[in-house]
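# Structural features, examined
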Amino acid sequence: MFSDAYDDVPVTTWDAGWQWSTAEVSDYSIGDDTAKAYAALNFVGIDFVATTIDARAMTHFHMDVFAPAGTNFKVKIIVFSDDNGGLIDQAELVFDATSTPAFEAGGWSSLDIPLSDFGLSASLEHVGQLALSTDDAELVLVDNVYWHR
């Protein structure tokens, strides 16, 4: 979805502008690399429902996350019935210093998440949104967002 190492897939927006979201997204350069920077993050929606991702053959979702401060980071996968279809399932996981994989502020956390951990009952044929949130990590950099097996 987003990485300087791999080809990106279409994403409608990295900030869906959902009501009560305070997130502000920008591209942030780190040497020759670019990350998505979320300032004032409480939650944010990443929308690609117009061209959903078929993740049925994938076993993992991956993202690298950096936050200078904070105790947790949450990732929610949202599945639809088809492109531009209705919501059929969603599940969220919380990562902190004790989770596997772990999220720890002050350094990059490589979240390589088995899709089975989400416990979704629906097929991953039409993943159309991600929601990222936190209770207290107001600045978060996100890079290398992809699905793999």
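Residues numbered from 1 in each chain as written. Predicted model: local features only at pLDDT ≥ 70, side-chain atom pairs only at ≥ 80, totals over all residues. Heavy atoms only, no water.

Let us now look at the overall build of the chain. Secondary structure assignment for the chain yields 0 helices and 9 strands. Dimensions along the principal axes, computed over C-alpha positions, put the chain at roughly 40 × 35 × 30 Å. Sorting the 149 residues of the chain into buried and exposed places 45% on the buried side. Here the analysis covers contacts within the chain between residues at least 6 apart in sequence; of these, 73% occur between residues at least 24 apart. Surface accessibility of the chain: about 7100 Å² in total, with carbon and sulfur atoms responsible for 48%. Here the chain contributes 5 positive and 24 negative side-chain charges, whose respective centroids are spaced 7 Å apart. (Helix = DSSP H or I, 4+ residues; strand = E, 2+ residues; numbered from the N terminus. Buried < 20%, exposed > 50% of the residue type's maximum accessible area, 1.4 Å probe, protein only. Contact = heavy atoms within 4.5 Å. Areas by Shrake-Rupley, 256 points an atom, 1.4 Å probe, with all protein chains shown as cover. Lys, Arg positive; Asp, Glu negative; His and termini not counted. Charge placed at Lys NZ, Arg CZ, Asp CG, Glu CD.)

As paired elements, strand β1 (residues 24-30) and strand β2 (residues 33-39) share 7 bridges and run antiparallel to each other. The residue of β2 that forms the bridge with Asp27 is Lys36. Count of turn residues in the β1/β2 antiparallel hairpin: 2 residues, of which Gly31 carries a positive phi of about 60 degrees. (Pairing = 2+ DSSP bridges.)

Once that is clear, we can look at unusual backbone geometry. Each neighbour pair has its own omega, and for Thr100 with Pro101 the value is 0 degrees, a cis peptide bond. Inspection of the secondary structure assignment puts Pro101 in the loop between β6 (87-95) and β7 (108-114). The backbone of Asn144 sits at a positive phi, close to 50 degrees, despite the residue not being glycine. In this structure, Asn144 sits in strand β9 (residues 140-148). Taking the relative accessible area as the measure of exposure, Asn144 reaches 18% and is therefore buried.

This paragraph deals with the sheet that holds β7. A sheet is described by the order of its strands in space; here 5 strands give the open sequence β1-β2-β9-β4-β7, paired in antiparallel fashion. A strand with exactly one partner marks an edge of an open sheet, and here the two such strands are β1 and β7. Within this sheet the neighbouring strands show an average axis-to-axis angle of 30 degrees, counted without direction. Of the pairings in the sheet, the one linking β2 to β9 comprises 3 bridges and is antiparallel in character. Within β9, the position partnered with Ala37 by the bridge is Leu141. (Axes fitted to C-alpha atoms, helices over the stretch in contact; angles between N-to-C directions.)

Across all of its chains, the model carries 4 salt bridges by this definition. As a salt-bridge pair, Lys74 and Asp135 come within 3.1 Å of each other at their nearest N and O atoms. Separated by 61 residues along the polypeptide, Lys74 in strand β5 (residues 73-80) and Asp135 in the loop between β8 (127-133) and β9 bring together distant segments of the chain. According to the relative accessible area criterion, Lys74 is buried, its value standing at 15%. (Salt bridge = Lys/Arg side-chain N within 4 Å of Asp/Glu carboxyl O.)

Following the sequence through the fold, Asn72 ends up in the loop between β4 (60-66) and β5. Among the polar contacts listed, one links the side chain of Asn72 to the side chain of Asp135, at a separation of 3.0 Å. Beyond its immediate stretch of four places on either side in the chain, Asn72 contacts Val94, Phe95, Asp96, Phe103, Thr134, Asp135, Asp136 and Ala137. (Polar contact = N/O pair within 3.5 Å; in protein donor to acceptor, adjacent residues only side chain to side chain.)

The residue Ala35 is located in strand β2 in this model. As for Ala35 and Ile77, which are separated by 42 residues in sequence, their C-alpha atoms are 20 Å apart. Setting aside chain neighbours within four positions, we find Ala35 in contact with Phe2, Ser26, Asp27, Tyr28, Ile30, Leu141, Val142 and Asp143.

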